[in-house]
Amino acid sequence: MIGTKRTLTLGLLTLLNNCAVSADDSAKSEPLYKEAIGAPFLFSSEDWGMAFGGAGVVKGLIQPQMTLFGTVIGSSNGTKMGYLGLYNVMVPGLDHWQMDFSVLESSLAKTNYFLPGNPDYPNEKPGSNDSSLDNSVRTGGREQHYQAHFQYILPIGDGKDGALAAMAKKSRGYESSRTYWNPLTTGITSLELQPYYKSQRLDEFQPEHEADESAGIRLTLEYDNRNSSHLPTRGSRTSFTYTYDWGSEDRPDWSTVEFEFSKFFSLGSNDLMDQQVLALNAWVADTPTWNDTVTINGEDVFRRPPSFAGINLGGWDKLRGYGSDRFYGRSAVSYSIEYRMMPKWQPLEDMPVIGPLYDIPWWQWTLFMDAGRVADDFDAQELHQDMKTSFGGGIRFRVEGVTVRTEIASGDEETFFRVFVNQPF
């Protein structure tokens, strides 16, 4: 199966994370933009039918590091989506700040939502760890996602020279051997504030007590001392995230907390491989307000997020052998292990048509396994029993400064083939 609509969307949203520029470019006299690239694309899936669209990137817009990205997609069944993002914006005089802004609008003809409403499963909670794949409702709807990122690079370690230098270091990689865990002397530490608004309005029904929108702020503290953001072979990445939805007269307020850690080990080279890496990732999340209540319209309502805004598993980077948002609940754990190989044999740049047109400096082969589970209690023992697993493999390319992923992943229910961008962690 081709990746679901949410996988496609998330893949597009991550494209701009790779569009950093070298610090040398900032000293040059730039026109209104440095480069503009556009491309059409065609794909087919169960949710979309036959779909056609186009994407465009404008690099170096006004500022050397700034990037504008947009895409529009329409399909044979009436599904459509539009996205516009402005990335790597800097304000003169605020050298340690970097900002991103994005807008997503989509109208979906028919898709599966793991929400209450299927009469064949009256006593089973959809989206739970033991729920059936068929326990879903199929309907259309409209989804919106507006967000802004305000990232402050702390003036310590490798972030002491500001946001622009930090972007260049993440893109080029750190050649220093100082990859020990110490934010004061090495790596980049950042604080990110992300106000957001999400909505999911279904055509035929809305489950009782399930809000159709979420508005709040995400706060993330991250420390990154990998030797490269695109091809890490050593170092680690650590992040703490707190999300708060402030609620309204018609919906409860709620909060979630997340911790994520990734670690990379070089396994050296041999006669066949230039590079071998063992990559590990662990993620744990909880909704501390899950069992608290608030009175709304004269009724006590749990302070829980809607299914599309809370703690989820499945999709393009966690439990990849399952569909996007397949599982959700109060809490979750997720683990991934990847064996990443870079062969000495790299024929892509010598291929006719492709080689002369595109810069493809490397490709990477991967094998991976994921394990995870959601639960309605934050209990370490329960979260590590009856875990779901998936496994797969793929090939990743560096194409014109963008890391493109092609992967096949299988779980107990389905097999997915996905094409998207950026490393999963």
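None of these values were measured; they are calculated from a predicted model.

Asker: Sorry if this is basic, but what is going on with the overall build of the protein here?
Answerer: Across its full length, the protein carries four helices and 20 strands. Looking at the protein as a whole, 53% of its 425 residues are labelled buried. Partitioning the contacts of the protein with sequence separation of at least 6, the portion at a separation of at least 24 is 62%. About 19,100 Å² of surface is accessible on the protein, with carbon and sulfur atoms providing 58% of the total.

Asker: Can you help me understand the pairing of strand β13 (residues 299-302) in this one?
Answerer: It is a general feature of regular strands that their side chains alternate between the two faces of the sheet. For strand β12 (residues 293-296) and β13, the ladder comprises four bridges, and the chain directions are antiparallel. Along β13, the bridge assignment pairs Val294 with Val301. Hairpin connection between β12 and β13: a loop of two residues separates the two successive antiparallel strands, and Asn297 in this loop has a positive phi of roughly 55 degrees.

Asker: Help me understand the nonpolar core, please; the structure alone is not making it clear to me.
Answerer: Soluble globular proteins tend to pack their nonpolar side chains together in the buried interior. If you look at the biggest cluster of nonpolar residues, it comprises ten residues: Phe43, Trp48, Ala51, Val57, Phe69, Ile73, Met81, Tyr83, Tyr87 and Leu104. Counting only elements with at least two residues in this core, the list comes to β2 (49-59), β3 (67-75) and β4 (80-89). Per-element accounting of this core gives the leading share, three residues, to β4. Grouped together as the second largest cluster of nonpolar side chains are nine residues, Trp283, Leu319, Ala332 and Val374 included.

Asker: Before we go on, may I ask you to explain the side chain of Thr241 in this structure?
Answerer: Its place among the elements puts Thr241 in strand β9 (residues 235-245). When sequence neighbours within four positions are dropped, the list of residues in contact with Thr241 reads Arg218, Leu219, Thr220, Thr256, Val257 and Glu258.

Asker: Teacher, can you tell me more about the environment of Pro288 here?
Answerer: Take Pro288: it is sitting in the loop between β11 (273-286) and β12. Given a relative accessible area of 40%, Pro288 falls into the partly exposed group. The spatial distance from the C-alpha of Pro288 to the C-alpha of Arg304 is 9.1 Å, given a sequence separation of 16 residues. Once you skip the residues sitting within four places of it in the chain, Pro288 turns out to touch Ser255, Thr256, Val257 and Arg330.

Asker: What's the story with the packing of aromatic side chains in this structure? I'm lost.
Answerer: The description of an aromatic ring pair uses the distance of the two centres, along with the angle that the planes make with each other. Tallied over the entire structure, the rule returns eleven aromatic pairs. Both rings, one in Phe240 and one in Phe259, keep their centres 5.0 Å apart while their planes meet at 45 degrees; by these two values the pair is tilted. Placement of the pair is Phe240 in strand β9 and Phe259 in strand β10 (residues 254-268), with a sequence separation of 19 residues. Residue classification places Phe259 among the partly exposed residues on the basis of a relative accessible area of 28%. Between Trp363 and Trp365 the ring centres are 5.5 Å apart and the planes differ by 75 degrees, which places this aromatic pair in the edge-to-face class. A residue is classified by how much of its surface remains accessible, and Trp363, at 7% relative accessible area, is buried. Among the aromatic side chains, those forming a connected cluster through ring pairs are Trp345, Trp363, Trp365 and Phe397.

Asker: Would you explain the pattern of salt bridges in this entry?
Answerer: Side-chain pairs of opposite charge can arise where the charged atoms are in close proximity. Throughout the structure, instances matching the rule amount to 24 salt bridges. Close ionic contact of Arg251 with Glu213 constitutes a salt bridge, the shortest N to O distance being 3.8 Å. Pair noted here: Arg251 is in the loop between β9 and β10 and Glu213 is in strand β8 (residues 213-224), with a separation of 38 residues, a long-range link. You can call Arg251 buried: its relative accessible area is 8%.

Asker: Before we go on, may I ask you to explain the pairing of strand β17 (residues 363-375) in this structure?
Answerer: Burial runs high along β17: ten of the 13 residues are buried. Pairing between strand β16 (residues 331-343) and β17: eleven bridges, direction antiparallel. Its bridge partner lying in β17, Ile337 is registered against Met369. Here β17 pairs with strand β18 (residues 388-399) via ten bridges, running antiparallel. Within β18, the position partnered with Trp365 by the bridge is Ile395.

Asker: Before we go on, may I ask you to explain the confidence of the model for the protein in this structure?
Answerer: Low-pLDDT portions of the prediction should not be read for the details of their coordinates. Of all residues in the protein, 89% have pLDDT values of 70 or greater, and the mean over the chain is 86. Considering only residues more than four positions removed or in separate chains, one finds that residues 1-30, a stretch of pLDDT under 50, has 83 contacts.

Asker: I would appreciate a short explanation of unusual backbone geometry in the present structure.
Answerer: Apart from glycine, the bulk of residues carry a negative phi angle, and the bulk of peptide bonds sit in the trans form. At Ile62, a position not held by glycine, the phi torsion is positive, near 65 degrees. You can see Ile62 is positioned in the loop between β2 and β3. Not every positive phi belongs to a glycine, and Asp325 is a case in point at roughly 60 degrees. Its place among the elements puts Asp325 in the loop between β14 (311-313) and β15 (327-329).

Asker: What's the story with the environment of Gly162 in this structure? I'm lost.
Answerer: Along the chain, Gly162 falls in the loop between β6 (137-153) and α2 (163-172). As for Gly162 and Leu94, which are separated by 68 residues in sequence, their C-alpha atoms are 8.8 Å apart.

Asker: I keep staring at the environment of Gly235 and nothing clicks. Help me out?
Answerer: Summarising the element assignment, Gly235 is placed in strand β9. Using a relative accessible area of 2% as the deciding quantity, one classes Gly235 as buried. C-alpha of Gly235 to C-alpha of Lys263: the two residues are 28 residues apart in sequence and 6.2 Å apart in space.

Reading the values: the criteria
- Residues numbered from 1 in each chain as written.
- Predicted model: local features only at pLDDT ≥ 70, side-chain atom pairs only at ≥ 80, totals over all residues.
- Heavy atoms only, no water.
- Helix = DSSP H or I, 4+ residues; strand = E, 2+ residues; numbered from the N terminus.
- Buried < 20%, exposed > 50% of the residue type's maximum accessible area, 1.4 Å probe, protein only.
- Contact = heavy atoms within 4.5 Å.
- Areas by Shrake-Rupley, 256 points an atom, 1.4 Å probe, with all protein chains shown as cover.
- Pairing = 2+ DSSP bridges.
- Core = buried A, V, L, I, M, F, W, Y, C linked by side-chain atoms within 4.5 Å.
- Phe/Tyr/Trp six-rings, centres within 6.5 Å; stacked < 30°, edge-to-face > 60°.
- Salt bridge = Lys/Arg side-chain N within 4 Å of Asp/Glu carboxyl O.
- pLDDT = per-residue confidence, 0-100.

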